[in-house]
Amino acid sequence: MSTHSEKMAARPIKLTKRTGKASSQDLPDIAKSMVREHRGTLDWVGMNSIALPIQFEDSLKGIQQINAKAQICVNLNNPQVKGIHMSRLYLVLTEFSQNQVLTAKTMRTFLLKILESHEDISDKAKLVLKFDYLINQPALISGYEGWKAYPSQISAEVNEGKVNLEAFVEVPYSSTCPCSAALARQLLQQAFAKDFSDQQTISKDEVEHWLRSEKGSSATPHSQRSAAKVAIKLRPEQDAFELSQLIQVIESTLATPVQTAVKREDEQEFARLNGENMMFCEDASRRLKAVLNRSDYIDFWLKVEHYESLHAHDAVAVATKGIEGGYQPYLNPMS
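Residues numbered from 1 in each chain as written. Predicted model: local features only at pLDDT ≥ 70, side-chain atom pairs only at ≥ 80, totals over all residues. Heavy atoms only, no water.

(A) A look at the pairing of strand 8 (residues 300-306). The buried count for strand 8 comes to 6 of 7 residues, which makes it a mostly enclosed element. Here 7 bridges tie strand 7 (residues 223-233) to strand 8, and the two strands are oriented antiparallel to one another. Bridge pairing in strand 8 places A228 opposite V304. Where strand 8 meets strand 9 (residues 315-320), 6 bridges bridge the pair, whose relative direction is antiparallel. Residue pairing in the sheet places L302 in a bridge with A319 of strand 9. (Buried < 20%, exposed > 50% of the residue type's maximum accessible area, 1.4 Å probe, protein only. Helix = DSSP H or I, 4+ residues; strand = E, 2+ residues; numbered from the N terminus. Pairing = 2+ DSSP bridges.)

What follows is the structure in C-alpha cells.
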C-alpha cells in the first residue's frame, strides 16, 4: 500500500491557469522586443524570500507542515537572451508546494523540471528553503513541555545533471567558561578559609550552612547563550530529511540545550548540567566534530559561537570533516 507521501510525490507538477480578460498573446513582451544595451551571461537570476507553506518529511517525525521563505534561481548562460522566465519559476514552485511532500527525491525531481523549463538558457538551478523548525521539547525534570524553534535551511543545486543537497540547522545551548569556574572556586575557597580562620574544627552542619548561604555563591562563573550551526551534505540515496535526528545529536552531545518550560527543579537540573559540561568554544566544536565524524554523513561543516557575557565580542570555532578541499556550505548565492 502506498503511503501518503508516495501518493503526493507521484503527482506531476502541473500548472493551473485561471481565465483572464486578455491572453498572453495579446500583451507586450518587453523581454523579446526591447533592445539589449549589454550582452553577457549571469551566474544566478531568480527570486528571494518567497512565502511558501510546504509539507516536509522528517526521518523521525514524518510529514510536518512548515512555513518557509524560498529562494529559487537559475543561471543565464545565453548572452543573447535578455532574462529568465521569472513567472514560470514562481508558478512551478507554488504548484510544487501544493502537490508535493518535500523530500530529497522530490526536490531533485523539481530542480530537473526547472531546468527543463529553461533548457534553452540555463544549465544550473538552485532552490533554498529557510524556515524555523518547531519541535515540542520536554522539560528536564518537571514533565512540562514547550515549543522550541530551530532556524533551518534545506538547499539543493543541480549542475550538469548532478544534484547536490544540503541541510542546515542552528541549535542554541548554554556554555559555562571553565576558566571562570576555576577562578570562582578559588575565591570561594579563600572566603571559606577567611570565615573559619579562627576555628580548628568545623562541623558538617556548619559547612553545609555556609555553602547554602549567600556566601556560598559569592563568586560565580560566567555562562552565556551559545549556538551550534551545522550543515551536512545529504546522501544521494536518501529520501526523508534527517533534521530532527541531527538536532538530537547536537543537543545530546553538548548536553546543555536551552529550555522551554522551566520550573525550579528544571532550573536546578540545568545548573547541574552546566557544571558538568563546562566548555570553551574549542571544546564544544571538538565534541561535535568527534560525533559527526562517526556518523555516515558524506561531509559536514560546523560553527560554534559563544556570545560572551564577559567580553564585548564573541568566541567562534569552525570545523569540517576534513575531506580535501574543505566543505563550504550554504548553497545560497543571492543572500
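(B) How the structure looks around helix 8 (residues 264-276). With 13 residues, helix 8 should cover 18 Å at 1.5 Å per step; its first-to-last C-alpha distance of 19 Å lies within 8% of that length. Check the buried side of helix 8 and you find it contacts strand 6 (162-176). (Expected span 1.5 Å × (residues − 1). Contact = heavy atoms within 4.5 Å.)

(C) Representation of helix 4 (residues 104-117). Here helix 4 is 14 residues long and its end C-alpha atoms lie 20 Å apart, about the 20 Å a rise of 1.5 Å per residue gives. Among the residues of helix 4, those classed as buried are A104, T106, M107, R108, F110, L111, I114, L115 and S117.

(D) Quick look at the packing of aromatic side chains. What the rule picks out here adds up to 7 aromatic pairs. When the centroid spacing of 5.4 Å and the interplanar angle of 80° are considered together, the rings of F56 and Y133 count as edge-to-face. Of this pair, F56 sits in strand 1 (residues 42-58) while Y133 sits in strand 4 (residues 124-138), and the two are 77 residues apart along the sequence. On the basis of relative accessible area, F56 is assigned to the buried category, the value being 0%. Aromatic pair F56 and F241: ring centres 5.6 Å apart, planes at 10°, arrangement stacked. Note that F56 is positioned in strand 1 and F241 in the loop between strand 7 and helix 7 (243-254), a separation of 185 residues in sequence. According to the relative accessible area criterion, F241 is buried, its value standing at 1%. Feature note: the residues F56, F131, Y133 and F241 constitute an aromatic cluster, connected by ring pairs. (Phe/Tyr/Trp six-rings, centres within 6.5 Å; stacked < 30°, edge-to-face > 60°.)

(E) Seen up close, the environment of E160. As for its position among the elements, E160 is in the loop between strand 5 (145-159) and strand 6. Each C-alpha atom, one on E160 and one on A125, is 9.8 Å from the other, the two residues being 35 residues apart in sequence.

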